[in-house]
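# Structural overview
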Amino acid sequence: MEIRVFDSEQRVGEAAAARFIEQLRNKPDSVLGMATGSSPLIMYGLLIDACRAGTISFADAVTFNLDEYCGLDAADPHSYHSYMRKNLFDRIDIDPANTHIPNGNAADITAECAAYDAAIESAGGIDLQVLGIGGNGHIGFNEPSDAFSYGTFVVDLAESTIEANKRFFTRAEDVPRRAVTMGVGSIMNARSIVLIATGAKKAQAVRDMIRGGVTPACPASILQNHPDALILLDGPAASLL
Ligand code: F6R
């Protein structure tokens, strides 16, 4: 793990964007792993700017998102499909056919998970994966548990995740209880990883990820075993290191 601490959330976003820009310039047909939530928003804004300025193009890029809620239609404004269209895909030159997000509403969810893993593999695997981290140490929606999950699977969201994500919904009761997520195996298979964590609410999870043992009780701790994981933090997120 390489750990870098910046003096603001903006600088963290700039460092993450710089890594993605470098990736796309070196390999325009990169396979990019995407995340939702607050953490990548500054980076996505900077990638939109770079695309509009002609510095980078997503025309040949392929994307795979980490996760999606179960039970929400792709068109639902709270779905991660909607989030990605609004915050990135509709504002860059990517071919929508090259973007992939798990279908949390699939009739056969087991087949959907297997097909998602197969699609990642047939695209050649993920070159660069962006991650956030939950206050409970989750990556994707791999919640703390007594065993790591490897491939894409359906997960019961932790109460703390439902609590943290209710800010995106009108009422806590509206937050879906289940999601489809890439497993830690799929995440660890990415050739490079950039994890963004900002704010004091992430400080304990960041400490557990970096200083604790590798344990499924803190799923992000598995990144200690990744050969190319860049951890980008602001001061408050790094305050317990
Ligand atoms: C999002 C995801 C989650 C978030 C994490 C942090 O696709 O997989 O692991 O990255 O919950 O969320 P924020 O960035 O909103 O604090």
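Presented here is an overview of the structure given in this document. These numbers were taken from a predicted model, which means no experiment stands behind them.

Definitions and cut-offs
Residues numbered from 1 in each chain as written. Predicted model: local features only at pLDDT ≥ 70, side-chain atom pairs only at ≥ 80, totals over all residues. Heavy atoms only, no water. Core = buried A, V, L, I, M, F, W, Y, C linked by side-chain atoms within 4.5 Å. Buried < 20%, exposed > 50% of the residue type's maximum accessible area, 1.4 Å probe, protein only. Helix = DSSP H or I, 4+ residues; strand = E, 2+ residues; numbered from the N terminus. Pairing = 2+ DSSP bridges. Contact = heavy atoms within 4.5 Å. Axes fitted to C-alpha atoms, helices over the stretch in contact; angles between N-to-C directions. Near = heavy atom within 4 Å. Polar contact = N/O pair within 3.5 Å; in protein donor to acceptor, adjacent residues only side chain to side chain. Areas by Shrake-Rupley, 256 points an atom, 1.4 Å probe, with all protein chains shown as cover. Nonpolar A, V, L, I, M, F, W, Y, C, P; charged D, E, K, R; others polar.

The next subject is the nonpolar core. In terms of nonpolar packing, the biggest core is built from 63 residues, with M43, Y44, L47, F58, I139, L195 and M209 touching the most fellow members. Ranked by residue count, the leading element in this core is helix α1 (residues 9-26), at seven residues.

To continue, consider the sheet that holds strand β5 (residues 99-100). The sheet built from seven strands is open, its strands ordered β1-β10-β9-β6-β2-β3-β5 with parallel pairing. Only two strands of the sheet have a single neighbouring strand rather than two, namely β1 (2-6) and β5. Two elements, strand β3 (residues 62-65) and β5, share two bridges in a ladder whose sense is parallel. Bridge pairing in β5 places F64 opposite H100. In this fold α1 packs onto β1, β2 (31-34), β6 (128-131), β9 (192-197) and β10 (229-234), with an angle of close to 155° to the strand it touches most, β10.

Let us look at the site of the ligand. Around the ligand, a shell composed of 14 residues is seen, among which S39, D67, H138, G140 and K202 lie nearest. In this structure, an oxygen atom belonging to the ligand sits 2.7 Å away from a main-chain N or O atom of G140. In the model, an oxygen atom of the ligand is placed 2.7 Å from a nitrogen or oxygen of the K202 side chain. Relative to its unbound accessible surface of 410 Å², the ligand loses 93% to contact with the protein. Here the shell around the ligand is composed, by residue class, of three nonpolar, eight polar and three charged.

Within a sheet, adjacent strands bond to each other through the backbone by hydrogen bonds, running parallel or antiparallel. As summarised here, the arrangement of the three strands in space is β4-β8-β7, forming an open sheet in which the pairing is antiparallel. In this open sheet, the two strands that pair with only one neighbour each are β4 (67-69) and β7 (153-156). Taken over all neighbouring pairs, the strand axes of this sheet differ in orientation by 25° on average, direction set aside. Pairing analysis gives four bridges linking β7 to strand β8 (residues 178-181), with the strands arranged antiparallel. The residue of β8 that forms the bridge with V155 is A179.

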